[in-house]
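Chain by chain, the residues:
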Amino acid sequence: MEQYFKKGIFRVWIGEIFTVIISDPFIEKEMIKTIIEKPKNIKRDLFLLNLKSNLINFVFNESTINLIQSMNCNLKNNKEFKPKLFCSLFSFSIIFKLLFNIDLKNENYKEIKKIMKLVNEINKNKEKSNTIDLKLIIDFIEKQYYYHLSNMENQSLNDFMDIMIKKENKFEKKENLKKQVIYKCTDYILNKSENISKVIEKFFIFIVQNQDYQDLAFSELKSVINRKLLYNNVEENIIKLSDKSFSPITNSICKEVLRLNPVDQLSSPIVCKKDTLVNGYFIPKDSQIIINHKSMNLNEKCFDDPFKFNPKRFLNFNQSFNFNYCNFSNDEIFVAISNILLNFKIIGIKNNFTFNLFDDNYPSSVIIEKR
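Residues numbered from 1 in each chain as written. Predicted model: local features only at pLDDT ≥ 70, side-chain atom pairs only at ≥ 80, totals over all residues. Heavy atoms only, no water.

Trainee: Please clarify how the nonpolar core should be interpreted in this entry.
Mentor: A general feature of soluble globular proteins is that nonpolar side chains tend to end up buried together. One finds Phe 203, Phe 204, Ile 253, Ile 333, Leu 341 and Ile 346 to be the most contacted residues of the largest nonpolar core, which totals 48 residues. Elements with a minimum of two residues in this core: helix H4 (53-76), helix H5 (83-100), helix H9 (174-208), helix H10 (211-232), helix H11 (248-260), helix H13 (327-343), strand E8 (344-349) and strand E9 (366-370). A total of nine residues in this core trace back to one element, the largest contributor, which is H13. Not counting residues within four places of it along the chain, the set of residues in contact with Phe 204 comprises Phe 81, Pro 83, Cys 87, Ile 340, Ile 346, Ile 349 and Val 366. Judged by nonpolar contacts, the second largest core, of 29 residues, contains Ile 95, Leu 99, Ile 137 and Phe 160. (Core = buried A, V, L, I, M, F, W, Y, C linked by side-chain atoms within 4.5 Å. Buried < 20%, exposed > 50% of the residue type's maximum accessible area, 1.4 Å probe, protein only. Helix = DSSP H or I, 4+ residues; strand = E, 2+ residues; numbered from the N terminus. Contact = heavy atoms within 4.5 Å.)

See below:
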């Protein structure tokens, strides 16, 4: 198998499915030209792209304001800042609002908190996860499904579930529709929210070890705020998605965090349409192809000194391959990181924390101070 690792492509049987795993971006680029056919049921982010951009911006802004207010309150009360708690709440608030139009501040938070706790437990101990816990999450989503279905004729498309029901209803039988919608929502709640939260948690580790980037980003973000006041006569202390193009340093920090910690370390399966050769390697028809994003992002062919945190690589980045990050995830991470950097200085990590790029360790407590 070692020869295939060196080639950036190797095969493995996953159950009864012949699978090819690719970890070389140039092989991926060659493959994309000829053989990709994604099953419709895995195009998760296409649904979110159909939501009105002003709704997404509104949800991001509201969740970001709540995050910063909570961090300020926590700091004012001299409490320890625990990234896991705040990052999870931020990510969950966005997912629940976009999926179900549920506002964590206005809804029955006790029920939502229970779901959040179950999700954290499942992700923390996946090999020991309880099927009862998973069923409780699915039951909650099923309840939301029937509520949305009963109100489809009386309301516009307000969230992700509305869009899924309307789009899938054209192609699926009623029972299949329910399964498709519940599956996708479960995937987002269990994986997307947790993975995005972990990326933001890892950001604290990298920025503590690279204080110069923290200061550069702060200066840039203050300039963005001043620019809005000067040109738009708008006085606000929040960075929005519309400010992204004016924040290249901050955006490069987000991209570098995502490169080292991709939200999806492995791609969704891709179906090979026909027998074909890729880089001299035979891939039979109907094979399952998986892209190893984590390995690809650490490939020396693409990045100099790939294990080093170096956001500057993205300031003048000549992208000759498909650097993978989900736009939705990247946007969510950008608004969180940029506003944290604008409002706080991250000083250090408590409890003698040691970091290894390949360990699944996260800081339990971080020292911050108000800017």
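Trainee: Can you walk me through the packing of H10 against H11 in this structure?
Mentor: Between two packed helices, the angle of one axis relative to the other and the distance separating the axes together describe the packing. Two elements in contact, H10 and H11, have axes separated by 8 Å at closest approach and are oriented at 135°. Between H10 and H11, the crossing angle belongs to the class labelled oblique. Judged by residue contacts, Tyr 213, Leu 216, Ala 217, Glu 220 and Leu 221 of H10 engage Pro 248, Ile 249, Thr 250 and Ile 253 from H11. Its residues assigned to classes, the contact of H10 with H11 shows seven nonpolar, one polar and one charged. (Axes fitted to C-alpha atoms, helices over the stretch in contact; angles between N-to-C directions. Parallel < 35°, antiparallel > 145°, perpendicular 65-115°, else oblique. Nonpolar A, V, L, I, M, F, W, Y, C, P; charged D, E, K, R; others polar.)

Trainee: How do you make sense of the pairing of strand E1 (residues 9-14) when you look at a structure like this?
Mentor: Summarising the sheet, E1 and strand E2 (residues 17-22) pair through six bridges and their orientation is antiparallel. The partner of Arg 11 across the bridge, within E2, is Val 20. What sits between the antiparallel neighbours E1 and E2 is a turn of two residues, in which Gly 15 has the positive phi angle 65°. (Pairing = 2+ DSSP bridges.)

Trainee: Any chance you could explain the pairing of strand E7 (residues 288-291) here in plain terms?
Mentor: Where a strand is regular, its side chains alternate between the two sheet faces. By the alternation rule, side chains of E7 split into Gln 288 and Ile 290 and Ile 289 and Ile 291, which are all buried. In this sheet, E7 lies alongside E2 in parallel orientation, the contact comprising four bridges. Looking at the pairing, Ile 22 lines up with Ile 291 of E7.

Trainee: I keep staring at H5 and nothing clicks. Help me out?
Mentor: Along an α-helix, residues three or four apart share an orientation, since each turn contains 3.6 residues. Over its 18 residues, H5 runs 25 Å from end to end, which matches the ideal 26 Å to within 8%, given 1.5 Å per residue. Among the 18 residues of H5, 15 are classified as buried, and the element is accordingly described as predominantly covered. Asn 101 lies just past H5 and shows a positive phi near 60°. (Expected span 1.5 Å × (residues − 1).)

None of the figures reported here should be taken as evidence of function without further support.
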